[in-house]
Protein chains: 2
Amino acid sequence: MAGSVQKLLRRNAYSHVKNLLAKLRAADISSIMLEMTDREQRSVFSILMERDRQLAAETLKVLGLEWGLALLLQRSSEEIGGVIREMESDAAAAFISALPEEVAQEVLEQMDSQESSEVQELLGYPEETAGRIMTPNVFSLHEELTVGEAIQTIQTAQELEMVFYLYVVDERNHLVGVVSLRQLLMVAPTSPLRKVMTTDVITVTTDTDQEEVANQVALYDLLAIPVVDDSNKLVGTITVDDVIDVIKDEATEDIFYLAGVEADDHIHTPALTSVKKRLPWLIVNLATALLAATVVAIYEPTIARFSFLAVFLPVVAGLGGNSGTQTLTVMVRGLALGEVSWESGKSILLKEIKVGINNGIAIGIIAGTVAYLWKGNYMLGLVLGGAMTINIVVAGVVGTLVPLILKKLTVDPAIASSIFVTTFTDVVGFLSFLGLATFLLQYLPV
Amino acid sequence: MAGSVQKLLRRNAYSHVKNLLAKLRAADISSIMLEMTDREQRSVFSILMERDRQLAAETLKVLGLEWGLALLLQRSSEEIGGVIREMESDAAAAFISALPEEVAQEVLEQMDSQESSEVQELLGYPEETAGRIMTPNVFSLHEELTVGEAIQTIQTAQELEMVFYLYVVDERNHLVGVVSLRQLLMVAPTSPLRKVMTTDVITVTTDTDQEEVANQVALYDLLAIPVVDDSNKLVGTITVDDVIDVIKDEATEDIFYLAGVEADDHIHTPALTSVKKRLPWLIVNLATALLAATVVAIYEPTIARFSFLAVFLPVVAGLGGNSGTQTLTVMVRGLALGEVSWESGKSILLKEIKVGINNGIAIGIIAGTVAYLWKGNYMLGLVLGGAMTINIVVAGVVGTLVPLILKKLTVDPAIASSIFVTTFTDVVGFLSFLGLATFLLQYLPV
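A quick note: this is a predicted structure, and the numbers were derived from the prediction, not measured.

Undergrad: How do you make sense of the overall build of chain A when you look at a structure like this?
TA: Counting secondary structure elements, chain A contains 22 helices and six strands. Since a compact globule built from 446 residues should have a radius of gyration of about 22 Å, the 29 Å found for chain A marks it as more spread out than a globular shape. In terms of overall dimensions, chain A has C-alpha extents of about 95 × 60 × 40 Å along its principal axes. Here chain A, with 446 residues, has 48% of them falling under the buried criterion. Of the contacts formed within chain A by residues at least 6 apart in sequence, a portion of 69% connects residues at least 24 apart.

Undergrad: Just to check I follow, could you spell out the interface of chain A and chain B for this structure?
TA: Frequently, the measure chosen for interface size is the accessible area removed from exposure when the parts meet. Listed as interface residues are 95 residues of chain A and, on the opposing side, 95 residues of chain B. A total of 18 residues in the side of chain A that touches chain B trace back to one element, the largest contributor, which is helix H19 (residues 308-336) of chain A.

Undergrad: When you look at the pairing of strand S2 (residues 165-169) of chain A in this model, what are you seeing that I'm missing?
TA: Consecutive side chains of a regular strand alternate in pointing toward one face of the sheet and then the other. Residue and element names in this part refer to chain A. With respect to burial, S2 is a largely interior element, four of its five residues being buried. Bridge count for strand S1 (residues 140-142) against S2 is three bridges, and the pairing is parallel. Across the sheet, residue His-142 finds its bridge partner in S2, namely Val-169. Pairing of S2 with strand S3 (residues 175-180) involves five bridges; the strand directions are antiparallel.

Undergrad: Which parts of the structure should I look at to understand the relation of the copies chain A and chain B?
TA: Look at the two chain copies: a rotation about an axis and a shift along it is all it takes to match them. Once chain A has been moved 0.0 Å along the axis and rotated by 180°, it coincides with chain B to within an RMSD of 0.1 Å. This pairing of chains is accounted for by a two-fold axis. Taken together, the interface assignments show that 100% of the residues at the interface of chain A recur at the interface of chain B, consistent with an identical surface on both copies.

Undergrad: Looking at this structure, I do not really get the sheet that holds strand S5 (residues 224-228) of chain A. What am I missing?
TA: Residues and elements named next belong to chain A. The mixed open sheet is built from three strands, whose spatial order is S4-S5-S6. Of all the strands in the sheet, the pair left with one neighbour each is strand S4 (204-205) and strand S6 (234-239). As paired strands, S5 and S6 are joined by five bridges and run antiparallel to one another. By the bridge assignment for S6, Pro-226 is matched with Thr-237. On top of the sheet, helix H15 (residues 210-219) reaches S4, S5 and S6; it is set at about 135° to S5, its chief contact. Along the sheet, helix H16 (residues 240-258) makes contact with S5 and S6, crossing S6 at roughly 65°.

Undergrad: What exactly am I supposed to notice about the nonpolar core here?
TA: A:Phe312, A:Val316, B:Phe312 and B:Val316 are the most contacted members of the largest nonpolar core, which has 197 residues in total. Examining the composition of this core, we find that 16 residues originate from one element, H19(A), more than from any other. Those residues in contact with B:Val316 that lie beyond four places of it in its chain are B:Ala387, B:Met388, B:Asn391, B:Gly429, B:Phe430 and B:Phe433.

Undergrad: In this structure, what is going on with the sheet that holds strand S2 (residues 165-169) of chain B? I would like to understand it.
TA: Two strands in a sheet stick together by hydrogen bonds in their backbones, pointing the same way (parallel) or opposite ways (antiparallel). Residues and elements named next belong to chain B. In spatial order, the strands read S1-S2-S3; together these three strands make up an open sheet with mixed pairing. Only two strands of the sheet have a single partner each, and these edge strands are strand S1 (140-142) and strand S3 (175-180). Across the sheet, the mean angle separating the axes of adjacent strands is 35° when strand polarity is ignored.

Undergrad: Please explain the environment of B:Gln74 as it appears in this structure.
TA: Here B:Gln74 lies in the loop between helix H6 (65-72) and helix H7 (77-84). Taking the number of C-beta atoms within 10 Å as the measure of exposure, B:Gln74 has 13 and is therefore partly exposed.

Undergrad: Even after reading the chapter, I still don't get the packing of helix H1 (residues 2-10) of chain A against helix H2 (residues 14-22) of chain A, so can you show me in this structure?
TA: Helix packing geometry: the angle between the two helix axes and the distance between the axes. All names here are of chain A. Where H1 meets H2, the axes come as close as 8 Å, and the angle between the chain directions of the two elements is 155°. By the angle class used here, H1 and H2 are roughly antiparallel. As for how H1 packs across H2, the hand of that crossing is left-handed. On H2, the residues that touch Val-5, Leu-8 and Leu-9 of H1 are His-16, Val-17 and Leu-20.

Undergrad: Got a minute to help me understand helix H8 (residues 89-98) of chain A in this structure?
TA: An α-helical turn contains 3.6 residues, so any two residues separated by three or four positions project in the same direction. All names here are of chain A. Of all 10 residues that make up H8, eight are buried, and the element is covered over most of its length. Among all positions of H8, only Ser-89, Asp-90, Ala-91, Ala-92, Ala-93, Ala-94, Phe-95 and Ile-96 are buried. Looking at the buried residues of H8, the elements they touch are helix H5 (53-63), helix H6 (65-72), helix H7 (77-84), helix H9 (101-110), helix H10 (113-123) and helix H11 (130-133).

Undergrad: Quick question: what am I supposed to make of the packing of helix H17 (residues 271-298) of chain B against helix H23 (residues 417-441) of chain B here?
TA: Residue and element names in this part refer to chain B. Running from N to C, H17 and H23 point in directions that differ by 10°, and their axes come no closer than 9 Å. By the angle between their axes, H17 is roughly parallel relative to H23. From H17, Val-284, Asn-285, Thr-288, Leu-291, Ala-292, Val-295 and Val-296 reach across to H23, where they touch Ile-419, Thr-423, Asp-426, Val-427, Phe-430, Leu-431 and Leu-434. Split by residue class, the contact of H17 with H23 holds 10 nonpolar, three polar and one charged.

Undergrad: Whenever I open this one, unusual backbone geometry confuses me. Can you help?
TA: Only a minority of non-glycine residues have a phi that is not negative, and only a minority of peptide bonds are not trans. Unlike most non-glycine residues, A:Glu128 shows phi in positive territory, near 65°. If you trace the backbone, A:Glu128 turns up in the loop between H10 and H11. Of the residues examined, A:Glu128 has 15 C-beta atoms within 10 Å and is grouped as partly exposed. You will see that B:Asp221, though not glycine, has its phi angle at about 50°, which is positive. Relative to the elements of secondary structure, B:Asp221 occurs in the loop between helix H15 (210-219) and strand S5 (224-228).

Undergrad: Explain the environment of A:Phe420 here, please?
TA: Assignment of secondary structure puts A:Phe420 in helix H22 (residues 417-441). In sequence terms A:Phe420 and A:Val398 are 22 residues apart; their C-alpha atoms lie 8.7 Å from each other.

Undergrad: Could you clarify how one ought to interpret the environment of A:Ile405 in this entry?
TA: Residues and elements named next belong to chain A. Counting through the fold element by element, Ile-405 comes out in helix H21 (residues 378-408). The class for Ile-405 is partly exposed, based on 15 C-beta atoms found within 10 Å. Along the backbone, Ile-405 and Asp-28 are 377 residues apart, and their C-alpha atoms lie at a distance of 45 Å.

Undergrad: Hey, could you run me through the confidence of the model for chain A in this one?
TA: For any part of a model where pLDDT is low, the fine detail of the predicted coordinates should not be relied upon. All names here are of chain A. Taken over all residues, the pLDDT of chain A has a mean of 90, while the share at 70 or more is 98%. Per-element confidence in chain A is highest for S4, whose mean pLDDT is 97, and lowest for H1, whose mean pLDDT is 84. Per the prediction output, this complex has pTM 0.86; the corresponding ipTM is 0.84.

Procedures and definitions
- Residues numbered from 1 in each chain as written.
- Chains lettered and ligands numbered in written order.
- Predicted model: local features only at pLDDT ≥ 70, side-chain atom pairs only at ≥ 80, totals over all residues.
- Helix = DSSP H or I, 4+ residues; strand = E, 2+ residues; numbered from the N terminus.
- Rg over C-alpha atoms; globule rule 2.2 N^0.38 Å.
- Buried ≥ 20, exposed ≤ 12 C-beta atoms within 10 Å, placed from the backbone.
- Contact = placed C-beta atoms within 7 Å.
- Pairing = 2+ DSSP bridges.
- Least-squares fit on C-alpha atoms with pLDDT ≥ 70 in both.
- Axes fitted to C-alpha atoms, helices over the stretch in contact; angles between N-to-C directions.
- Core = buried A, V, L, I, M, F, W, Y, C linked by C-beta atoms within 7 Å.
- Parallel < 35°, antiparallel > 145°, perpendicular 65-115°, else oblique.
- Left-handed = near helix turned anticlockwise from the far one by under 90°.
- Nonpolar A, V, L, I, M, F, W, Y, C, P; charged D, E, K, R; others polar.
- pLDDT = per-residue confidence, 0-100.

Encoded structure:
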């Protein structure tokens, strides 16, 4: 499919391309764009923008914020406004908040007052909260209705695409219950809705963190979750498809933070933007690497005498960093999925110490033996093996504690913990290896 | 809540605990268990096993495979069989396949023949495919029905908890269409079902990879996806709640592989099992670290003469590894989310080279200046800065190419790519730093 679109583009047969695209779903168009060069992607997007704004808007939503933005920012403010107007208000709010401020302002001015006030209401909530990602138009049923009246209301309602749950409200719009379409079909039409509905509704409030929203939906296997304000008034819903996006984004954020990448750095982010996002992390990394270097510098006289010690520095640092990262990663993921708490921290720490002792001794013996066979110096083998055992045990402890402590301080445990842990293991590794070497080698035959 | 359960446990007031738990959902029990010590968790699980097998089964499902298994394996085969019988067949299959073989066999023998054949059918499909994770009991409607008859069938059907989509089949059970409950309510009861249904159904086959299933459901915003066999017969469905689990598991797998941890290593995995899972990765890491060490060994005479070079080895290795990991992580995540293809690889590579040149020069200048100021040797500054620039550019190239090539070879691009990349940057970093130093330092005043 991508092949035929590419051929048509090469022949400048734009109306053919348009006709071809019009038959597809936005999801299919995004799959086609994936197999194209950047230039071809821009052409396809141009055609969509000129000939089918609605489809362009849907495609942008499927492509996601970063990729969508890369395409969008090449267009004029008028065009950006035109396509964003076609979006649901939650998607529109997400794109607008990612636009440069002047452009965002112009786009908001182009919208009619109702659209714009809906979007601005969403933008009034902090990023990554339920209020920001909810759909503010909720279809709800009044609690005084009968089941028959409720079914009639549903039959006549416009644009009611996804009715999984029907929320029931009182006259002041307080959420009082929930009922499913199938439940309505199972009882007599004259039954009062109030008798059929479930009153124990799982809700979130507008300021609930989006990760918590996703955890609730996943935990209770929901298809949608209602959002209420402080006085339990129904103000929006979040559907499971948006929750899936949140789960993916939060996983990306964790993966990226562990690697020292900003969450919104992306394959399609322009090179200079990526530089701006990554360079600060590298500079922090440089500072911590220099800290480790000062430890080595303390022992420079020992290295000057026994230069073969330098050969093993990367081994000490590499293995310590790696085992720390193993523990850290298991911890960070467990915390993100809500499987670890501060209370269960103690038993996890004990476990990780056990793992560290076992792995430390095993790796210490292998590394020590290799070093002995290589350099023919049994004391070097002992020093290297001992230092690595110490370092791997410490790595397990630090890898457990750093994310737990960050979480306790309500800092995202993924962020920066990798730098903490590897710096710590570098320092401990070099101190123990070069310290032991300085102490032992000078009193013993080389 | 966890607090009151803990108090009751301490007083051995088991029937009070049981009464308290019986009022809760499985999801709530899992949240309570999270805040307990391992020992308390086992007590709660014992009480559930003795008094409410159904709730115990649901709780295990919410806890997930690894955590659930840690609790389950402390019980007898009879008890394990008893609780697994209470599960839906997809969850039962998942737990059984994770049990030690003898136990699994005993559990299957305890099931009645229909349960056991359903589970064994699922187990007949390879792990991580649609066949393995689907629910094999699908409620379907015959294409010859009228809408009124269809609604009646739905009203009388037993155990029809989640009807998002109603699948329509012909007399030989081939999938021919799909219709929603609301669509049925919008037309006259006498309309033939065939006229109302959508015939363009998105399906997966039993051998579709679970990650692909998840991508389809997410891409098309589905609540469930039907699974068909080779001849388009409807054999199962996968609902969005199971897809959410797949998305989380696949994200965990990527995060873990990037850190050198097996996907099923888990907070609750016993220490010695974790040792077995992590040690092989550390041994591979040791081998690659020793490879990097041999590069340093080549230049040992240079280090013997200029011992301050050793001080900067961790800086060279650290920054190269870190920038390689940044690029690698963005690539691996992009590949997993289906946002990168082999075709778009060229433009991504060009971007990463640009990023590498910019970051390389910036970090090279800073590191070189620090080294010059620290050691008062301008040639050292030049050598270090130059080597780091080279290394960071190479890191960008390798970080882009390794996952792309692995993907092309249909290997999971997350697995082992981190070891490849950091070994490569270690080797290139040491070669360029110590190579340049050997060449330049001996001809110039120190």
